[in-house]
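Architecture and fold: a report
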Amino acid sequence: MIAIAIDGPAGAGKSTIARAVAKELGYIYVDTGALYRTVGLKFSREGVDTSLKCDIEKILKETNVDIAFVGDEQHVFLNGEDVSDKIRTPEASMMASAVSAVPVVRAFLLDLQRKMARENNVIMDGRDIGTVILPNAQVKIFLTASPEERARRRFVELTEKGTVTTFEEVLSDMKVRDYNDSHREIAPLKPAEDSKVVDTTGLTLEESKAAILDVVKNKVGA
Ligand code: DC
């Protein structure tokens, strides 16, 4: 099996680009952020906020997260319910960032991620795929872009989906999440030593995709 790990901050274009590259190569695209979002949604539904003052282990015992593919589209399930759309709100983003800093939550989601890569050729995106989840991935890419560019892309995406927000709010949320994700003690966001850093600031989707395919071709000759 071949694994391509793509890590990087929110809004770097990981999911859009990874999806396009997966299609081109015939691989499965696994969006691991959706798993943390699903756990975050469960905690929200339990009435817990981002301070996570609760019995985390007890809630996790009542949490079942699963992935299934509808065509080549990943869907995530919380205790059997398809929550793929419900996890895409700004609140869900903040809850995902909060729960993802908790070691037992990361341990809870580890096996599912590794299983996906054992059974399929995958392009998997997240924050710690190349460093922790798939340290032996044949290709590791750290995808990034300036905070303003990332906020602009996320703002367009949210507005298109009908979410009412402002650019300033998205930028400020993004900076909080960047800080949380890269300063937490466990699996902080950072490039794997053997990763190739690709900066997509000012690049179109096509150019970003070409840059990634270039790295992949150099590594595995795909
Ligand atoms: O990529 P995303 O925005 O859907 O991720 C949601 C949150 O989950 C983000 O704040 C960081 C966290 N995350 C993580 O810690 N590890 C991953 N592999 C993927 C996401």
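Look above for the structure.
Residues numbered from 1 in each chain as written. Predicted model: local features only at pLDDT ≥ 70, side-chain atom pairs only at ≥ 80, totals over all residues. Heavy atoms only, no water.

So, on to the overall build of the protein. Assigned secondary structure in the protein consists of 9 helices and 8 strands. Classification of the 222 residues of the protein by burial places 49% in the buried group. Look at the contacts in the protein between residues 6 or more apart in sequence, and 75% of them connect residues 24 or more apart. Carbon and sulfur atoms form 52% of the exposed surface of the protein, whose accessible area is close to 10,700 Å². Put simply, the protein has 30 plus and 35 minus side-chain charges, and the middle of one group is 2 Å from the middle of the other. (Helix = DSSP H or I, 4+ residues; strand = E, 2+ residues; numbered from the N terminus. Buried < 20%, exposed > 50% of the residue type's maximum accessible area, 1.4 Å probe, protein only. Contact = heavy atoms within 4.5 Å. Areas by Shrake-Rupley, 256 points an atom, 1.4 Å probe, with all protein chains shown as cover. Lys, Arg positive; Asp, Glu negative; His and termini not counted. Charge placed at Lys NZ, Arg CZ, Asp CG, Glu CD.)

Before going further, it helps to spend a moment on the sheet that holds strand S8 (residues 196-199). The strands making up a sheet associate through hydrogen bonds between their backbones, and the pairing can be parallel or antiparallel. Reading across the sheet, the 5 strands line up as S2-S6-S1-S7-S8 and stay open at both edges, with parallel pairing between neighbours. Where the open sheet ends on each side, the last strands, each with one partner, are strand S2 (28-31) and S8. Mean inter-strand twist for the sheet, computed between neighbouring axes without regard to direction, equals 20°. Seen against the sheet, helix H1 (residues 14-25) touches strand S1 (3-7), S2, strand S6 (122-126) and strand S7 (139-144) and runs at an angle of roughly 175° to S6. Lying over the sheet, helix H5 (residues 103-119) contacts S2 and S6, oriented at roughly 155° with respect to S6. (Pairing = 2+ DSSP bridges. Axes fitted to C-alpha atoms, helices over the stretch in contact; angles between N-to-C directions.)

Turning our eyes to something else, we now look at the pairing of S1. Within S1, 5 of the 5 residues are buried, leaving the element largely enclosed by the surrounding structure. Strand direction decides the pairing type here: S1 and S6, joined by 5 bridges, are parallel. Within S6, the residue paired with Ile-4 across the bridge is Ile-123. Where S1 and S7 come together, 4 bridges link them in parallel fashion. The residue bridging Ile-4 from the neighbouring strand is Val-139, located in S7.

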